[in-house]
Amino acid sequence: MDDAGLLRLRAALHGEMRRRGLALSVGQVAEKLAIDFFNSTPGCPNLAEAAVGTANVDALSRRGDRYSIKGVLDARKTGTVYPDSGNPERQLFEYLLVVQLTPDWTLHSIYEFDWPSFVRCRSWDKRMNAWYLGLAVRTLAQATNYTPLTSQVGPGPKARRNASSRPNT
C-alpha cells in the first residue's frame, strides 16, 4: 500500500471509531482499560467514569475516592497533573493510576499511587507549570502494581498485586 492509501485507511478507521464511540487516544484507551480491569478484578474497587471535563479526575469509586488515570505507551513520564491555582498543595485525587500499554495498545500493567506516594515521587515540569511522574523503576516501586495474568485458565480476569500499600476495598 502506498503512503496516500495508508493515510486514507487511517482516516476511514478514525471515522468508524468515532461513529462507534471507541477511544481514539492512548489516554482514552488507558482510562477504559483501567476502569474495566478494576471493575472485573476481585479485591479492586469498582470505578465509574467521572464527568467529562472534571479537572485531574477520570474515575470515581463507589466510596467516593477520586482517581486520576495517566496512560503511557512508550513515554518516560506521565502526562501532567495541574495544581489548584488558588492552593498549589491541595489534594486533587486519592489515587493516580499509571496505565502502561503494550505496543498493540493492550494492558501491560497498572501502577497505583496514593496521594502521599504521588507527592513523594512527583516532579515539576517548568514548561507546563504542572506535576508529572517519571517512570523510573525506583518511582514505580513506590506504587501498588497490578499485572493482568492472561495465562491463567478459568472464568474472569485474574491479577497479581505487588507491593500493596493499601488494604483491599
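Below: a short report on this structure. None of the values given here were measured: they were computed from a predicted structure. (Residues numbered from 1 in each chain as written. Predicted model: local features only at pLDDT ≥ 70, side-chain atom pairs only at ≥ 80, totals over all residues. Heavy atoms only, no water.)

### Remarks on the side chain of S61
Here S61 is to be found in strand β2 (residues 59–61). In this view, S61 contacts P45, N46, L47 and Y67; residues no more than four positions away in its chain are not counted. (Helix = DSSP H or I, 4+ residues; strand = E, 2+ residues; numbered from the N terminus. Contact = heavy atoms within 4.5 Å.)

### Some points on the nonpolar core
With 19 residues, the main nonpolar core has F38, L47, Y67, I69, L97, V99 and I110 as its most contacted residues. At the level of secondary structure, the elements contributing two or more residues to this core comprise α2 (26–40), β3 (66–72), β4 (95–101) and β5 (107–114). Here this core takes 7 residues from α2, the largest share from any one element. Once residues lying within four places of it in the same chain are set aside, the contact partners of L47 are I35, F38, N39, A59, L60, S61, Y67 and L97. Counting 16 residues, the second-largest nonpolar core is a separate cluster that includes V81, F93, L96 and Y111. (Core = buried A, V, L, I, M, F, W, Y, C linked by side-chain atoms within 4.5 Å. Buried < 20%, exposed > 50% of the residue type's maximum accessible area, 1.4 Å probe, protein only.)

### Some thoughts on the pairing of strand β8 (residues 144–148)
Burial within β8 is extensive, with 5 of its 5 residues counted as buried. Residues T144, Y146 and P148 of β8 are buried on one face, and the alternating residues N145 and T147, pointing to the opposite face, are buried as well. Sheet topology note: the β5/β8 ladder contains 3 bridges and is antiparallel. Looking across to β8, one finds that E112 is bridged to T144. (Pairing = 2+ DSSP bridges.)

### Let's talk about the side chain of D58
Among the structural elements, D58 can be located in the loop between β1 (47–49) and β2. Here D58 sits buried without a salt bridge, and the closest side chain of opposite charge, K70, lies 5.5 Å off (N-O distance). At 2.7 Å, the side chain of D58 and the backbone nitrogen of I69 are in polar contact. In contact with D58, other than residues within four places in its own chain, are E31, I35, A48, E49, A50, Y67, S68 and I69. (Lys, Arg positive; Asp, Glu negative; His and termini not counted. Salt bridge = Lys/Arg side-chain N within 4 Å of Asp/Glu carboxyl O. Polar contact = N/O pair within 3.5 Å; in protein donor to acceptor, adjacent residues only side chain to side chain.)

### Quick notes on α2
Residues three or four positions apart in an α-helix share a direction because the helix packs 3.6 residues into each turn. When the terminal C-alpha atoms of α2 are compared, their 21 Å separation across 15 residues agrees well with the 21 Å that a helix rising 1.5 Å per residue should span. Within α2 the residues assigned to the buried category are V26, V29, A30, A34, I35, F37 and F38. (Expected span 1.5 Å × (residues − 1).)

### Overview of the pattern of salt bridges
This model, assessed by the stated rule, comprises 7 salt bridges. A salt bridge links R90 to D84; the nearest nitrogen and oxygen atoms lie 3.0 Å apart. Connected via shared salt-bridge partners are E16, R19 and R20.

### Side note on the pairing of β5
The element β5 is extensively covered by neighbouring structure, given that 7 of its 8 residues are classed as buried. Pairing analysis gives 7 bridges linking β4 to β5, with the strands arranged antiparallel. Counted as the bridge partner of L101 is L107 from β5. Counting the residues in the hairpin turn of β4 and β5 gives 5 residues, including W105, whose phi is positive at 65 degrees.

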